[in-house]
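Per-entry structural report
Here's the letter readout for the chains.
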Amino acid sequence: MDNESTFVAPEGVYTVIDEHKPLTVLSAYGGPVIYPTKVSSVVVNFPATKQGSAAPAFVQLLGGNKETKKDKLNLPKEREDGQSLSSSDTPDEGDVPPSTQEHASTSQEPHTLFSANPTVSGKKRQAARPKNSIRTTSSTFITRIQTAEGLSKTLQSKQGDVTFLFYNLSKSWMWLESGSKAKDPLAKITFSTHPTCHDVNATTASPEHLDVIIGFSSGDLVWLDPITSRYARLNKQGCISNSPCTAVRWVPSSSTLFLASHADGTIVVYDKERDDGAFVPNDPVGKPSDPMGASLSEDRPQKEWDPTDSIFVTMPPWHPVTSGGSFASNGKPDKEKAAKNPVSHWRVSRRSIVGNALHMAERIVVQCLAPTDFVFSPDVKYVGAISEDGCLRVIDALAEQYVMVFEVSMTGGQDDLLTIFSPWEQRVVARCQGHSSFVSALAFDELRCDGRTYRFGSVGEDNKLILVRTVGTLLIDNADLATCSGTSQAEPSIGLNSKSPRYHTAPSRNEVAVVQPVLIKNIEGDLLTATSFLPRSILTATKAGHIKLWIRPLALRARAKSRAADIDPLH
C-alpha cells in the first residue's frame, strides 16, 4: 500500500490530500532559490455566524470596496511623520480584541526581560497595528503584491477552525489555506531581498488580525498583518544587526515580543511595536563591559570571552532590568531611556545560529546536528539554542545566563543522528538513527505525546521522513509526567544554583541508548527542508517550495477534534 502518495504508520494510513507545487518559472518568485523553504502555520477559529461585512483584507490592494472609508476611520491616527499613534494616544475602544492586550505590570512586580510594558495612569494599553499600508507604500523593499480574487468574501465566508500556511520561496512570501481547492495562494508578496524565516503569533491570531514576523538575508525584519494589509520594518537596513536572519520565534503568550537569531551567532530580543534605537553591541573581544553595556576602565584585567562558559549580553539603556520602567515621577516616559529596539542583545556563539532543527517538550530536547536553531521551553523560562560550533546551550531567558551547555558531538561536526537531551537529568539520554544524510528539520507530534511517550518526526537531505517514538521510562526516571504542552505537578529544577557542572562533554556512542524509528518514508523530489504536525495532517516541504499535506488516520483526526472540544466547549 506504500507508494508516492501513501505510507503506513503504526497508527494507520497517511495519504496526500493536498499539494502546492511552485511554478517552473522561478522568475515569478524573484529569481533562483538560494535559501530553503520554511513553513509556519496557525489555526484561526472563525465565528459560526457572520458579524458584519466590513472586515478589512488584502482585497484593498485591488482598489478596496464600499466599506473602505469606514475601515479607514477605524485605523489608528497617523502623525505627520507617518508613524501610527499608540492606543494610549488614541483611546478608541474595540480596535483590538481584548485577547491581544498586554496586562499592566504592577509596581510590586520586578521588571524582567519579558515583563509587560508599563502603563500610564493605570490605563490598559492596547496593541498597535503596523504603521504602513502595503496598498499605498512607496518602499522599494516590497516590489510586487498579488492577491486572490474575491479574498474579502472568501475570508468572510469562513466558519470554524481554518489552518493557514505561510512559506517563503526565493524572494517571495506566500499565504495559503490548508485543504483549499484554490490553486493560487491567498496572497503573494515579493521583496527586493530574500526572506529566510518567518513565524506567526498564535496568541493574537483572530479572523480580523494576524501578526507575522518575516526575517531576511539582509538582517531586516518585517512585522506584517496580511488581513489588514499593513506592515512595519524593524532592524531597517540592518541598523541593529546586518547579519542574515536565520530564525524568528514569537515569545509564547506574548503579543509583542519575539526573538530573532542571526548568522553571526547572536540572538536579539525585539518588540514589534518599538522603533529601532541607536544601538551598537559590545565587542566580546574588546574591553570588558559592565551589565549596562559601558566599557570599563583599562586597568582592569581583560578576560577573553568563552562562548561555552557565558552568554555575552549587551543591555541597551532602555533594557527593562536597567531602566526600571523608564518613567519619571510625573508619569511621562524618560526621553533618554524611551523604549526602543532591541530589548536585549545576546551573543551566544562565534558561529551561526540557523535552521529549524531543535524542539523542546516538557522534559526533553530533541536536536539534529546539520542545521541549528533556538526554541522556547513550554513554560517560557528557558531558551535552547544550538549553533554550528556543535554545542546546545540552555539559557535562563529571564536571568539572561547559561544554565548548562551540552557538547553535542566529540568532533563538533555534523552527522545523521537525532540527539535526545534531558536538561533535568543534565545528560544525553538517547540518539536516533534512520537518516543517511544531514537532517534538515524536526517537530513534535503533540497528538501522539501523552507524557509517557513522545512522538516526533524529522526530514533530511536524504529525502526521508522519519517518525520516532520514545518511551518515558527510557528518558526519565519520573514516570508521572505531564503532556508535551502541559505542566508538571513536581517541577525538577534546572536553575542557576545547580551544583552540577555547567559544561557537559559529548558521550561516546557506546554510552548512549539508540532508538530506532517506527517509520521511514522516502519522498521523491527536491531536498526536504521542513516538516510540521498539523491537527489533521503532517506537512512536508522541499527546498523549492513543494508542499505536501498527509492526512492523518481517522482515529487521530477524531482525537484532534476531541482535544479542540476540550479547549473550546462551544466548538
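Remember, predicted model here, so these are calculated numbers, not experimental data.

**Focus on the overall build of the protein chain**
On a plain count of helices and strands, the protein chain comes out with five helices and 34 strands. Within the protein chain, the fraction of its 571 residues that count as buried is 54%. Residue pairs in contact within the protein chain that sit at least 24 positions apart in sequence constitute 63% of those at least 6 positions apart.

**Re the packing of aromatic side chains**
Tallied over the entire structure, the rule returns 15 aromatic pairs. Taken together, a centroid distance of 6.1 Å and an interplanar angle of 65° make the contact between Trp 305 and Phe 312 edge-to-face. Phe 312 matches Trp 305 in its accessibility class, with the two residues each being buried. When the centroid spacing of 5.1 Å and the interplanar angle of 45° are considered together, the rings of Phe 406 and Phe 421 count as tilted. With Phe 406 in strand E23 (residues 401-407) and Phe 421 in strand E24 (residues 418-422), this pair connects stretches of sequence that are 15 residues apart. Neither Phe 406 nor Phe 421 differs from the other in exposure class; each is buried. The positively charged end of Lys 188 is found above the aromatic ring belonging to Tyr 29, 4.8 Å away from the centroid. The ring centre of Phe 374 lies 6.0 Å from the NZ or CZ of Arg 249, which sits over that ring.

**Side note on the sheet that holds strand E12 (residues 230-234)**
Spatial ordering of the open sheet is given by E4-E12-E11-E10-E9, a layout of five strands whose pairing is antiparallel. Only two strands of the sheet have a single partner each, and these edge strands are strand E4 (132-133) and strand E9 (195-200).

**Some remarks on the nonpolar core**
Counting residues in hydrophobic clusters, the biggest one holds 26 residues, and the most contacted among them are Phe 164, Phe 166, Trp 173, Trp 175, Phe 191, Leu 210 and Leu 224. Of all the elements in the fold, those that place two or more residues in this core are strand E3 (39-46), helix H2 (151-156), strand E6 (160-169), strand E7 (172-177), strand E8 (187-191), strand E10 (212-216) and strand E11 (221-225). Aside from chain neighbours lying at most four places away, what touches Phe 191 is Phe 141, Ile 142, Thr 143, Lys 171, Trp 173, Ile 214 and Phe 216.

**A look at the pattern of salt bridges**
This structure, assessed with the given rule, holds 12 salt bridges. With a closest N to O distance of 2.8 Å, Lys 521 and Asp 2 form a salt bridge. With Lys 521 in strand E31 (residues 519-522) and Asp 2 in the segment before strand E1 (6-9), this pair connects stretches of sequence that are 519 residues apart. Under the relative-accessibility criterion, Lys 521 is labelled buried at 4%. The class of Asp 2 is partly exposed, set by a relative accessible area of 48%. For the salt bridge of Asp 275 with Lys 131, the shortest nitrogen-to-oxygen distance reads 3.5 Å. Within this pair, whereas Asp 275 is found in the loop between strand E15 (266-271) and strand E16 (312-314), its partner Lys 131 is found in the loop between helix H1 (68-74) and E4, the two being separated by 144 residues in sequence. Overall, Asp 275 belongs to the partly exposed group, its relative accessible area being 27%. Judged by relative accessible area, which is 21%, Lys 131 ranks as partly exposed. Salt bridges sharing common partners tie together Glu 11, Arg 448 and Arg 455.

**Points about the pairing of E31**
Going residue by residue along E31, you find Leu 519 and Lys 521 tucked away on one face and Ile 520 and Asn 522 left uncovered on the opposite face. Relative to E31, strand E28 (residues 464-471) is paired through four bridges, and the arrangement is antiparallel. Across the sheet, residue Lys 464 finds its bridge partner in E31, namely Asn 522.

**What to know about the sheet that holds strand E27 (residues 453-460)**
With antiparallel pairing, four strands are arranged side by side in an open sheet as E26-E27-E28-E31. In the strand order of this sheet, the two ends are held by strand E26 (439-444) and E31, each with one partner. Pairs of neighbouring strands in the sheet enclose a mean axial angle of 20°, with direction left out of account.

**Considering the side chain of Thr 314**
Summarising the element assignment, Thr 314 is placed in strand E16. For Thr 314, a relative accessible area of 4% gives the class buried. Excluding anything up to four places from it in sequence, Thr 314 contacts Phe 279, Val 280, Pro 281, Asn 282, Ser 344 and His 345.

**A short note on the environment of Val 162**
Position of Val 162 relative to the elements: it lies in strand E6. When the C-alpha positions of Val 162 and Ser 178 are compared, they lie 7.6 Å apart, and in sequence the two are 16 residues distant. In this structure Val 162 touches Val 42, Val 43, Val 44, Phe 46 and Glu 177, once residues within four positions along its chain are discounted.

**Some points on the confidence of the model for the protein chain**
The predicted model of the protein chain has a mean per-residue pLDDT of 77, with 67% of residues at 70 or higher. When the criterion is pLDDT under 50, residues 286-299 qualifies, and its contacts beyond four places in sequence or with other chains add up to 19 contacts.

**Here's the deal with the environment of Arg 129**
Structurally, Arg 129 can be placed in the loop between H1 and E4. By relative accessible area, which is 15% here, Arg 129 ends up buried. Between the alpha carbons of Arg 129 and Asp 225 there is a distance of 8.1 Å; along the sequence they are 96 residues apart.

**Some thoughts on unusual backbone geometry**
Cis rather than trans, the peptide bond between Asn 341 and Pro 342 has omega equal to 5°. Phi at Gln 426 takes a positive value of approximately 55°, unusual for a residue other than glycine. By the secondary structure assignment, Gln 426 is in the loop between E24 and strand E25 (427-432). One non-glycine residue, Asn 463, lies in positive phi territory at about 60°. The residue Asn 463 is located in the loop between E27 and E28 in this model.

Thresholds applied
- Residues take numbers from 1 onward in each chain, read along the sequence in its written order.
- Local features are withheld for residues below a pLDDT of 70 in this predicted model, meaning they are given only at 70 or higher, and side-chain atom pairs are given and counted only at 80 or more; totals for whole chains, interfaces and linings count all residues.
- With hydrogens and water stripped out, all remaining heavy atoms of the structure feed into the side-chain values.
- Each helix is a run of H or I in the DSSP string that is no shorter than four residues. Each strand is a run of E no shorter than two, and both are numbered from the N terminus.
- Relative accessibility decides the category of a residue: with a 1.4 Å probe and only protein chains considered, values under 20% of the type maximum give buried, values over 50% give exposed, and everything between is partly exposed.
- When checking whether two residues touch, look at their non-hydrogen atoms; a contact exists if any pair is within 4.5 Å.
- Between 30 and 60 degrees the pair is tilted, below 30 it is stacked and above 60 it is edge-to-face, where a pair is any two Phe, Tyr or Trp rings, Trp via its six-membered ring, whose centres lie within 6.5 Å.
- Whether a charge lies above a ring is judged from NZ of Lys or CZ of Arg, which has to be within 6 Å of the ring centre and within 35 degrees of the ring normal.
- Should DSSP find at least two bridges between two strands, the strands are regarded as paired.
- In plain words, nonpolar cores are sets of buried Ala, Val, Leu, Ile, Met, Phe, Trp, Tyr and Cys residues tied together by side-chain atoms within 4.5 Å.
- One speaks of a salt bridge when a side-chain nitrogen belonging to Lys or Arg is within 4 Å of a carboxyl oxygen belonging to Asp or Glu.
- Simply put, an axis is a line fit to the C-alpha atoms, just over the touching stretch for a helix, and the angle between two N-to-C directions goes from 0 to 180 degrees.
- How sure the predictor is of each residue is captured by pLDDT, a score from 0 to 100.

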